[in-house]
Amino acid sequence: MSPAPSPSKGNWTPGDDQIAVQRAPEPGGAGGAYRAFGETLRGLKTTFARVVEGVNTIQYPEEKVAVYPRFRGRHKLHRFEESGLEKCVGCSLCAAACPADCIRVVAAENTPEMRVSAGERYAAVYEINLSRCIFCGYCEVACPFDAITMGHDYELSDYNRSDLIFTKEMLLAEPLEATPLRAQGE
Amino acid sequence: MPRPHQNLITFSVDGREVQAPENMMLADAAKLGDVEIPVFCYEPKLGHPVGACRMCLVEIEGIPKLQTACSTAVKDGMVVHTQSERARVAQQAVVEFLLINHPLDCPVCDKGGECPLQDITFGWGGGKSRFIEPKRHFRKPLELSPLIAIDRERCILCYRCVRYSQEVAEDYQLVLLERGENTFVGTFDGHPYVAPFSGNIIELCPVGALTSRPYRFRARPWDIEGSGSLCTLCPAQCNVTFTVRDDRVLRVLARDHHEVDDGWLCDKGRFAYQAVHVDERITAPMIRDGGELRTVSWERALAEATSGLRRAGAKTAALAGGGATNEEGLLLGRLLRDVLGSPHLDSRSGGAVSLADWRALSDPALAATVSDLEFANAVLVLDCEPVDDAPILELRIRKGVRRNGVALLLASARPSALDPSATETLRFAPGRGAELAWALAAALQDGAVDAPAAAAGASAEEVRKLARALREAGEEIVILYGEQLLDGDAGGLLALADALGIAEIEGAGLIGIPEAANGRGLREAGVLPNGGPGFSAPPLGDGLDAAAIAAKLGDGELSALYLLGVDPLRSFPDAGAWEQALEHATTVIAHAAFLTPGVREHATVIFPAESSAEKEGTVTHPDGRVQRLRPAIGHPGDVRAEWRTLSELARLLGGAAGPATAAGVSAELFASVGLYNGLELEELAGHGVRWPARAPAVARSGEAAAKPKLRRAAQAKGGRLLLGSYRSIWAGPEVEASPALRFLAPRQRVELSPRDAAKLGVLHGEEVLVSDDQGELRATVVLRDSTPSGTAFLERDLARDGANRLRGPLVEVRTAPSGNGDVETLLGEEELTHA
């Protein structure tokens, strides 16, 4: 079996390549000492300057980081203040907008005996799988009734994945502990 | 009327040269050039356009004003602009105008997301409204019927639903009330719109004004998936799309197939899906243990069934029906014939028809297609009631009569809903269709009519008149007959077909509506006492037909009964004989979805049956179209595929292990049924394949014309009436189990003529006892002017008091000696018998 002739037949001669080698300065001498310690001291200058500012550690979880007003944390569902009816009508537009497909809505019809929301329908099931949510806030944008907003809570760790599926009751309830908010201009 | 011939012409739309059939409406023709013209009121299925909504305005060169594309026929050389400045301004104005009164409640509207008004507003609207005045308000939502909700605020008055009710279903119930901006859709006096085909207006409505109540707020379009399959609740086998969410069927939509259903569905097909997910449904195998039914594991149930069948061996009989597929029929035949050595299986309740007649009836030369009903010169409806037996065919017949001038000729025992559309009607004695066919054949050949007409209980003069009308109508004649005509004898029907020369004429033919939803397929798959797969000679000789099976089970000559999707106690004639038969049978194995009486009282092993949304396999339409069922959802609970159970049983009983997949069983079916040879599962996808269209015509040998077998019709005498029976469109356990449809589930009613009622002294709505020497049942009297005097009609296939409890032919009707004796008003009775 003869090898096929290569298109660029052996025109390459190694002697044509120029190889430039740069060498570091020889060790030792004053230049050598500066190179060993000078740059280190320059970095340490920043370190020691911060020492005088005092301790800056936040004692989480006893103490919490305040978030900006537009911080996108865990979702909240809302009620009308006067009537106590849920704002959500179960239209499922949030589920349609959700890029992570983490919202599930099953709607039902309000009856005169059991009126849950202001419209004809209400969300009988409203679940957000927070282990899948990417906190993009599209649900809030899609909602035609301002029924869902992104809250400020960010403490969302749990021992079970299934515990991270938040139901309507959990989303409607006020969080046990309010997340501190940054004041204007802070 | 023969099918219209179409010339191709060329016209230009938005600068594209498009070829289209001449006189096609512009809105349709533009689609051929990939140009969409927005429409609301236009729907070709509704017949002539009305141009009510003005959404489709386009500019046509040479015509000074804008034209409605839905009502302008396309002509050669036409130049159309749909996106010119004038057209755009007009489209935006129309959208703005339609939205003046349309509420902005899309988030709570069920149509939201699949709404033509949303789509067209987005695509062709101006995006702004200048209207700040208050919108009109109505109370919302109202029940138009228990199945349909109407929200009148959302209505854009496109007339589609009203036109449908007036011109397609012809129930004339929906009307537009009031005038001007107060106009709304409703019924004349506000009574509910209950009709066999009312659900179609939900799909027709281009906005959310008419919505389905069972589907109300169940899901939004992005939550669901559509899964195409078939409805197997009746022989019409309409193509449907199951709407599935979270592995549950939530809705059934029509899947347009011109050769099957023309895009319509009946309410039973549309709403009986609820029976898939009810608690009453059997979802685990059961056995009878000490007289009580007990849920057991599959292994236990199969072991029980195996030992029972092994004990019975060749003394086993089998019945198949319901929605059983061709594959299940084939496997049942193999289980009985090859494994157990018994030839006794049947899929019909009537007397056996000879194998030669079956072959003759399935001759492709005699076959008609469903669309032939629409273009024939005449349609002869013979011994069937289309709205009850295969509802969607009724709409097709009405379409032919209304739009193409088809002459409709009716010959039936019971007055039909089609009577007002018919040019000629003839009544005969119940159960004497075969004799009438002989009489008609004789009349067409100028033979002796008197004897067969008398046997049929019809007047010879009327038979001659009908024959004259048949001959004068033209040569393309389609005969739509019910299977009850084939009670032991198909000779009359074949003689009639010969007399009309149907075999030689293109566009003429026979369509037989079987009793079971897949009756034709089961027959062709070999579930016949005297025919193997593809009407081959049965390997073990002729077996017993259904009536003989009942008798032999009662005598103890047979000992086991295998019921595939059928309960003879409920749906077969002569319940008394079946009661005896089931009582004496040692083993009764039933595939059942519901505990119907025969199953509940007598089954020793129950296998949970699949619903049509879960089934996989093929079924055969009455016109020979082999169609494919595809599973839309998984099996709930412990349900298993029926074909799997059947082949597992065959294996446990020492037979050959069958194929491991449903597709494998289908392949075996196509290989072993001669008529289906060469079919492949892939080509059945979507529209199915009519095997008669591929098969060569069978050259019928010039066999001597069979001698008419005439059974003399009984006469009403001594105050006793002739008994006739019918199966209502609403009969069946699925209707009784569906919460939305339950209000339509029939109770026994006896139809009498007013003259007989006066003689008997009973009133409309009164509770009576109907009895013969066999038994007695309670029924409510319904008086119908058109009922021939001397006959009484009862309903079959009811949960209780079904007509099969009486044997007839004569029954006695007398006032019920009940304690209450009150006159009840019948729910929706006028709506159901709009004749």
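Every value quoted in this text rests on a predicted model; they were computed, and no experiment measured them.

About the cut-offs
- Residues numbered from 1 in each chain as written.
- Chains lettered and ligands numbered in written order.
- Predicted model: local features only at pLDDT ≥ 70, side-chain atom pairs only at ≥ 80, totals over all residues.
- Helix = DSSP H or I, 4+ residues; strand = E, 2+ residues; numbered from the N terminus.
- Rg over C-alpha atoms; globule rule 2.2 N^0.38 Å.
- Contact = placed C-beta atoms within 7 Å.
- Pairing = 2+ DSSP bridges.
- Domains from an automatic or database assignment.
- Nonpolar A, V, L, I, M, F, W, Y, C, P; charged D, E, K, R; others polar.
- Axes fitted to C-alpha atoms, helices over the stretch in contact; angles between N-to-C directions.
- Buried ≥ 20, exposed ≤ 12 C-beta atoms within 10 Å, placed from the backbone.
- Right-handed = clockwise from strand over helix to strand, strands pointing away.

K.L.:
A description of the overall build of chain B should follow, citing residues and the corresponding values.
P.N.:
Helix and strand counts for chain B come out as 28 helices and 34 strands. For 835 residues, the compact-globule estimate of 2.2 N^0.38 gives 28 Å, and chain B sits close to it at 28 Å. Overall, chain B is about 85 × 65 × 65 Å in size when its C-alpha atoms are taken along their principal axes. Residue pairs in contact within chain B that sit at least 24 positions apart in sequence constitute 73% of those at least 6 positions apart.

K.L.:
Tell me about the sheet that holds strand S7 (residues 148-150) of chain B, and please be specific about residues and values.
P.N.:
In sheet architecture, strand pairing relies on hydrogen bonds along the backbone and comes in two forms, parallel and antiparallel. All names here are of chain B. An order of S6-S7-S10 is seen for the three strands of this open sheet, with the pairing classed as antiparallel. Each having just a single partner strand, strand S6 (142-143) and strand S10 (210-212) make up the two edges of the open sheet. As judged from the three bridges shared by S7 and S10, these two strands associate in the antiparallel manner. Directly across from isoleucine 150, in S10, lies its bridge partner leucine 210.

K.L.:
Talk me through the domain arrangement of chain B; I want residue IDs and the actual numbers.
P.N.:
Residue and element names in this part refer to chain B. Entries for chain B in the domain assignment read domain 1 (8-99), domain 2 (133-277), domain 3 (304-349 + 519-694), domain 4 (356-513) and domain 5 (721-832). Taken over C-alpha atoms, the centre of domain 4 sits 27 Å from the centre of domain 5. Taken together, the contact pairs 11 residues of domain 4 with 13 residues of domain 5. Of the residues that constitute the side of domain 4 that touches domain 5, the class distribution is six nonpolar, no polar and five charged.

K.L.:
Account for the interface of chain B and chain A, naming residues and giving values.
P.N.:
Listed as interface residues are seven residues of chain B and, on the opposing side, 13 residues of chain A. By residue class, the composition of the side of chain B that touches chain A is four nonpolar, no polar and three charged.

K.L.:
So what's going on with the sheet that holds strand S19 (residues 407-412) of chain B? Which residues, and what values?
P.N.:
Residue and element names in this part refer to chain B. The strand order S20-S19-S18-S21-S22 describes an open sheet built from five strands, whose pairing is parallel. A strand with exactly one partner marks an edge of an open sheet, and here the two such strands are strand S20 (424-427) and strand S22 (509-513). Sheet twist, expressed as the average angle between the axes of neighbouring strands with direction ignored, equals 15°. By the bridge criterion, five bridges tie strand S21 (residues 477-482) to S22 in an arrangement that is parallel.

K.L.:
Can you tell me about the pairing of strand S16 (residues 316-320) of chain B, naming the residues and giving the values?
P.N.:
All names here are of chain B. Across the five residues that make up S16, a large majority, five, are buried. Here S16 shows two buried faces, one formed by Thr316, Ala318 and Ala320 and the other by Ala317 and Leu319. Bridge count for S16 against strand S23 (residues 560-564) is five bridges, and the pairing is parallel. When the bridges of S23 are listed, threonine 316 appears paired with alanine 560. Note: S16 against strand S17 (residues 345-346), two bridges, orientation parallel. Its bridge partner lying in S17, alanine 318 is registered against leucine 345. Considered for its hand, the β-α-β crossover made up of S16, helix H8 (residues 326-340) and S17 is right-handed.

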